Amino acid sequence: MATATPEAVESRIVEALASFGPDVEQVTRTATFEELDIDSLDLVELAQIVEDEWGVELKGDDMKGLKTVGDAIDLVVARAS
Amino acid sequence: MTGASRGIGAAVARGLAEDGWPVGVAYHSGVEAAQAVVGEIEASGGQAIALGGDIADPATADAYFMALEERFGTVHVLVNNAGVTRDNLSPQIGDEDWATVIETNLSAAFRMTRRAVPQMLRARHGRIVNMASVVGLRANPGQANYAASKAGLIAMTKTVAAEVARRGVTVNAVAPGLIDTDMTSELDGDLLKVVPARRQGTAEEVAACVRFLASDGASYVTGATLSVDGGMSA
C-alpha cells in the first residue's frame, strides 16, 4: 500500500476527481464539490479509491461533512497518519 | 453466486460459467453439492471455487469477496440467490422465523450488494441480479415472511439500480414462479391451476434469464423485475 504523504494524497485525489468530469485545473483545494458538479456517487467512488490506495476507510457520515477538495485531502491525510 | 449448490442457483452457476465467467459457488450446508457444481464447471473447461458460509452472518459477504478477489480479481457479476422459507399463516410465524427469512433473503443480499458496488463503480461495469419471487408480486397465503423479503428485494433492486446506473452497473431482479426444485417439491399439485402455462418451470429456464441480465446485451436494462413464471403474475 502506498505511503499517504500529503502530496501523494492531494495528487491522487485531484486525479480521481478530475476523472469524474471537471477539468483538472478546476480541482483546487478551495473548490467545492458543488462547483465541480461532484455528487454523492462520485464521493462513494472516491472513498473506494482512498481505501484501495491507503487502506483508509471513509464511512458515509465522514463524507457528508466534506464540502471542498481540501476537506477531503485533509481528512484522508489525518486518517492515514 | 449465493445459494449455488443446488436448484436454481446451481443452474445459474453452471450457466454463467458456460458464458465464460469464473464463478464463486457459495453455499451454506451443501458442501458436497457445491463441490459437485465446481467439479462440473471445471470439467467443462470453466473456473470455479466453492465458498462456504452462513450468508445471514454479517461477516460472510466480506469473506466471500476477499476469497473471490484474491483468486479472480474484481467481481463483475453478483447473483443474490440464497433463500430460505419458514412457511406458516401469519399468526403462526414466530419472531425467529420472521427474522431468519428476512436476514437470509433480504439483509444478506443487501450486504453482498454493498460490498460489491464500490468495485463495480470503479470498474465502470457490474451486474447484480437478485432472485425475487412471484410471491413478491402477488399474494401466497402462508408466506408473509418470504413474500416480504422478496418484495423488499424488488424495492432494493430498483433503488440501487437508480443510484449506480450512470456507472455502467445494472441491478435487476428475476421473479420465478413455480420452479421444479427441492424448495417446491412439497407444494400442492393444485397450485398448477394458477399457472397459465400449466407446468412448473425449470431451473435452467430461470438461469437463462439471469444469464441474459448478466450479459452485455442487457446493458440498458436496469431496475427491472423479470418474471419467469409461466404467466402466473400476468
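Treat the numbers as computed from the prediction; the structure is a model and nothing was measured. (Residues numbered from 1 in each chain as written. Chains lettered and ligands numbered in written order. Predicted model: local features only at pLDDT ≥ 70, side-chain atom pairs only at ≥ 80, totals over all residues.)

## Here's the deal with the overall build of chain B
What chain B contains, in helices and strands, is six helices and six strands. Reading chain B from its N end, one meets helices and strands in the order α-β-α-β-α-β-α-β-α-β-α-β. Reported as C-alpha extents along the three principal axes, the dimensions of chain B are approximately 45 × 40 × 35 Å. The proportion of buried residues among the 234 residues of chain B is 45%. Taking as baseline every contact in chain B between residues at least 6 positions apart, the subset at least 24 positions apart corresponds to 69%. (Helix = DSSP H or I, 4+ residues; strand = E, 2+ residues; numbered from the N terminus. Buried ≥ 20, exposed ≤ 12 C-beta atoms within 10 Å, placed from the backbone. Contact = placed C-beta atoms within 7 Å.)

## A few points about the confidence of the model for chain A
Any region with low pLDDT has predicted coordinates that should not be read closely. Averaged over chain A, the pLDDT score is 92; the fraction of residues at 70 or greater is 99%. For chain A, helix H4 (residues 60–64) of chain A is the element with the lowest average pLDDT, namely 87, and helix H2 (residues 33–36) of chain A is the one with the highest, namely 96. (pLDDT = per-residue confidence, 0-100.)

## A look at the nonpolar core
Counting 69 residues, the largest nonpolar core has Ala13, Val25, Val174, Val206 and Val210 of chain B as its most contacted members. Excluding residues that lie within four positions of it along the chain, Val210 of chain B makes contacts with Val12, Gly15, Val79, Val129 and Val174 of chain B. Core analysis: the next-biggest nonpolar cluster, separate from the first, contains 19 residues, Val14, Leu36, Ala47 and Val56 of chain A among them. (Core = buried A, V, L, I, M, F, W, Y, C linked by C-beta atoms within 7 Å.)

## Some points on the environment of Glu70 of chain B
As for its placement among the helices and strands, Glu70 of chain B is situated in helix H3 (residues 60–72). The spacing of Glu70 of chain B and Val38 of chain B is 32 residues in sequence and 18 Å in space, taken between C-alpha atoms.

## Quick word on unusual backbone geometry
Positioned with a positive phi, Asp37 of chain A is a non-glycine residue whose angle comes to about 60°. Positionally, Asp37 of chain A belongs in the loop between H2 and helix H3 (40–54). Take Asp37 of chain A: there are 11 C-beta atoms within 10 Å of it, and that puts it in the exposed class. Backbone geometry places Arg124 of chain B, a non-glycine residue, at a positive phi of 60°. Inspection of the secondary structure assignment puts Arg124 of chain B in the loop between helix H4 (95–123) and strand E4 (126–131). Its 11 C-beta neighbours within 10 Å are what place Arg124 of chain B among the exposed residues.

## Looking at the interface of chain B and chain A
At the junction of the two partners, chain B supplies six residues and chain A supplies five residues. Of all the secondary-structure elements, those providing two or more residues to the side of chain B that touches chain A are H4 and helix H5 (144–164) of chain B. Here the side of chain B that touches chain A is built from residues that sort into three nonpolar, one polar and two charged. (Nonpolar A, V, L, I, M, F, W, Y, C, P; charged D, E, K, R; others polar.)

## As for the pairing of E4 of chain B
All names here are of chain B. Counting buried positions along E4 yields six of six residues, so the element is predominantly enclosed. What you see with E4 is no split at all: Gly126, Ile128 and Asn130 on one side and Arg127, Val129 and Met131 on the other are buried throughout. Two strands pair when backbone bridges link them, and strand E3 (residues 77–80) and E4 are joined in this way by four bridges, in the parallel orientation. Its bridge partner lying in E4, Asn80 is registered against Asn130. Handedness of the β-α-β unit built from E3, H4 and E4 comes out right-handed. Pairing between E4 and strand E5 (residues 169–176): six bridges, direction parallel. Residue pairing in the sheet places Met131 in a bridge with Val174 of E5. (Pairing = 2+ DSSP bridges. Right-handed = clockwise from strand over helix to strand, strands pointing away.)

## Points about the confidence of the model for chain B
Averaged over every residue, the pLDDT of chain B is 95; residues scoring 70 or more account for 97%. Scored as a whole, the predicted complex attains pTM 0.93, and scored at its interfaces, ipTM 0.86.

## Quick look at the packing of H3 of chain A against H4 of chain B
Relative orientation of the contacting elements H3 of chain A and H4 of chain B amounts to 95°, with a least axis distance of 9 Å. The angle between H3 of chain A and H4 of chain B falls in the class roughly perpendicular. Of the residues in H4 of chain B, those touching H3 of chain A at Val44, Glu45, Gln48 and Ile49 of chain A are Pro118, Gln119, Leu121 and Arg122 of chain B. (Axes fitted to C-alpha atoms, helices over the stretch in contact; angles between N-to-C directions. Parallel < 35°, antiparallel > 145°, perpendicular 65-115°, else oblique.)

## Some words on helix H5 (residues 69–80) of chain A
Residues and elements named next belong to chain A. Between its terminal C-alpha atoms H5 stretches 17 Å, which fits the 16 Å expected from 12 residues at 1.5 Å a residue. For H5, every residue scored as buried is listed here: Val69, Ala72, Ile73 and Val76. Across the axial projection of H5, the buried residues extend over an arc of 95°, all falling on one side. Where H5 is buried, its residues contact helix H1 (6–19) and H3. (Expected span 1.5 Å × (residues − 1). Arc of directions from axis to C-beta.)

## Points about the sheet that holds E3 of chain B
Residues and elements named next belong to chain B. One open sheet accounts for four strands, arranged E3-E4-E5-E6; its pairing is parallel. Each of the sheet's edge strands pairs with one partner strand only, and the pair in question is E3 and strand E6 (225–228). Averaged over all pairs of adjacent strands, the angle between their axes in this sheet comes to 20°, without regard to strand direction. Running over the sheet, helix H6 (residues 203–214) touches E3, E4, E5 and E6 and is turned about 170° from E5.

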